[in-house]
Amino acid sequence: MKRQDILILYLSNSSLESNVIGWARHYGDKKKIGMPGDNDNPPYERGIEAVHDGWRLFQSSQLEQHPRGDEYRTGYLKYEFFFEKIK
Amino acid sequence: MKKNKKNNFMLTDNQMAEFVSKGYLIFENIIDDKTNKKFLNEIGHTSTSLNKKNTDQSWLAEHYNEIMKTSKIPLVKAGTSLKKAYRKKTALNDVMSNPVLSGAIKSLVGDKPKLDHHFLHITFPSEYYHDANQKISQGNHNDCVIDPREKTFDIQLFYFPTAVEKNMGGTRYIPGSHFRMVNEYAIARYHNIRGQKHVVCSAGTVIIFHHNIWHGAGINNSKKIRYGFKIRLMPTQKQVKLWTKKTYKNNHKEEALYWNRGVEKNSIKEILQKTEPWFEADSGRLDILNRIRLWRHITNDKNFDAAYWLTRIENDYN
């Protein structure tokens, strides 16, 4: 049976070429586990390096207009990219 | 740290700016060993032979129940004045009376803060757990639901009565995340964030966090139990110039961006503009704007600015 490994990257801007600022790994193999705080060093310096390494991008966040009156409020990380590898 | 005329240690301007910028201040080893031991004795029942009995993890609830029955840590009504929360001669009263800590609390939330809640966090070694799901670290979160306050802030004191070594999974926290308005565990998807830190400290360390900082407990891979006592305090007054009587007036003309000789080292402006490794290129700038806004508020200096961040967008003649 083939299984899906998932890599989530958060980048410093909307370009896939930009730097990785956050990340999470999830494994199709239940013997492996990715957990919060499991690595202080990002798996790649830039988002595109994941593609070079065989990860397939299947989702990225949309660019959203800033609602009037709330332009300066910060919240969730904006530039989220989901990748997969089928093994 | 400086001593004022009333013999109190108040935070310095730079420490206040660090808190505004990073969302925390660390007071390494400020509680003495005698008080730390006293606190550990007052915790109550702390048997370490818990994992031998059963595999359904019921020992965890039993352990807390035993502690609650035997502990000298008081049950305090929410909203109790800090001054009345802990009886004299108890370890927690000794901790909160520490002059450095007391000065920091007054500087941040005034001299009449109320206790929101407190809790003894006990993190058992992972080998105590039989279920693999319980050997997972805690997800990133903040300690509030959506909190829309922009000027008022609570503080959370994390007191570590024993040393926290690297393999003990000390609290992971994200410097500078306290302006990000999120809803508690909604951010648990962010497993790792560039620049995240993990508490590693000597016994008697206290960290004061802004209530909104992103954090999560690590997994304890040592054989020792990790203790952390958390106290959340809320102000009962405006948080304006609580640490000083000084009048702040921004009359220092900066050299214009970007053709300049750089920002003065260790100045308030430099501290407030220091970016975090995880800041997005765009939202990170907004975080700096929000720091400047909070600094304006706590100093009552409505014209303060750094690098024209706010002046630029306030220059509106319509």
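Residues numbered from 1 in each chain as written. Chains lettered and ligands numbered in written order. Predicted model: local features only at pLDDT ≥ 70, side-chain atom pairs only at ≥ 80, totals over all residues.

1. Structural notes on the overall build of chain A
When helices and strands are counted, chain A shows one helix and four strands. The order of helices and strands in chain A, counted from the N terminus, is β-β-α-β-β. Expressed along its principal axes, the backbone C-alpha trace of chain A runs to roughly 50 × 25 × 25 Å. Considering chain A as a whole, with its 87 residues, one finds that 24% of them fall into the buried category. Within chain A, counting contacts between residues at least 6 apart in sequence, those at least 24 apart form 64% of the total. (Helix = DSSP H or I, 4+ residues; strand = E, 2+ residues; numbered from the N terminus. Buried ≥ 20, exposed ≤ 12 C-beta atoms within 10 Å, placed from the backbone. Contact = placed C-beta atoms within 7 Å.)

2. Thoughts on the sheet that holds strand S6 (residues 172–173) of chain B
All names here are of chain B. In space, the three strands of this open sheet follow the order S8-S6-S10, with antiparallel pairing throughout. The sheet is open, and its two edges are formed by strand S8 (197–198) and strand S10 (215–216), each paired on a single side. Alignment of S6 against S10, held across two bridges, turns out to be antiparallel. Following the sheet pairing, Arg172 is matched in S10 by Gly216. (Pairing = 2+ DSSP bridges.)

3. Here's the deal with helix H6 (residues 99–109) of chain B
All of the buried residues along H6 of chain B are Gly103, Ala104, Ile105, Lys106, Ser107, Leu108 and Val109 of chain B. Phi for Gly110 of chain B, located one or two positions after H6 of chain B, is positive at around 90°.

4. Quick word on the sheet that holds strand S7 (residues 192–193) of chain B
Spatially, S3(A)-S4(A)-S1(A)-S2(A)-S7(B) is the arrangement adopted by the five strands of the open sheet, whose pairing is antiparallel. Among the strands making up the open sheet, the edge pair consists of strand S3 (56–60) of chain A together with S7 of chain B. Here strand S1 (residues 4–11) of chain A pairs with strand S4 (residues 80–86) of chain A via seven bridges, running antiparallel. Bridge pairing links Leu9 of chain A to Phe81 of chain A in S4 of chain A.

5. Focus on the environment of Tyr258 of chain B
One can find Tyr258 of chain B in the loop between strand S11 (226–234) and helix H7 (268–273). Along the primary structure Tyr258 of chain B and Val206 of chain B are separated by 52 residues, whereas in three dimensions their C-alpha atoms are 39 Å apart.

6. Focus on the domain arrangement of chain B
Residue and element names in this part refer to chain B. Domain annotation for chain B reports domain 1 (2–234) and domain 2 (247–318). Inter-centroid distance (C-alpha atoms) of domain 1 to domain 2 is 31 Å. Contact residues are listed per partner, giving 15 residues for domain 1 and 15 residues for domain 2. A per-element tally of the side of domain 1 that touches domain 2 places helix H1 (residues 13–22) first, with seven residues. (Domains from an automatic or database assignment.)

7. Some words on the interface of chain B and chain A
Contacts between chain B and chain A engage 30 residues on the former and 25 residues on the latter. Elements represented by at least two residues in the side of chain B that touches chain A include exactly S7 and helix H8 (283–299) of chain B. In terms of residue count, H8 of chain B provides more of the side of chain B that touches chain A than any other element does, five residues in total. Of the residues assigned to the side of chain B that touches chain A, the class counts are 11 nonpolar, 12 polar and seven charged. Across two bridges, the pairing between strand S2 (residues 20–26) of chain A and S7 of chain B is antiparallel. Paired with Trp23 of chain A across the strands is Asn192 of chain B, a residue of S7 of chain B. (Nonpolar A, V, L, I, M, F, W, Y, C, P; charged D, E, K, R; others polar.)

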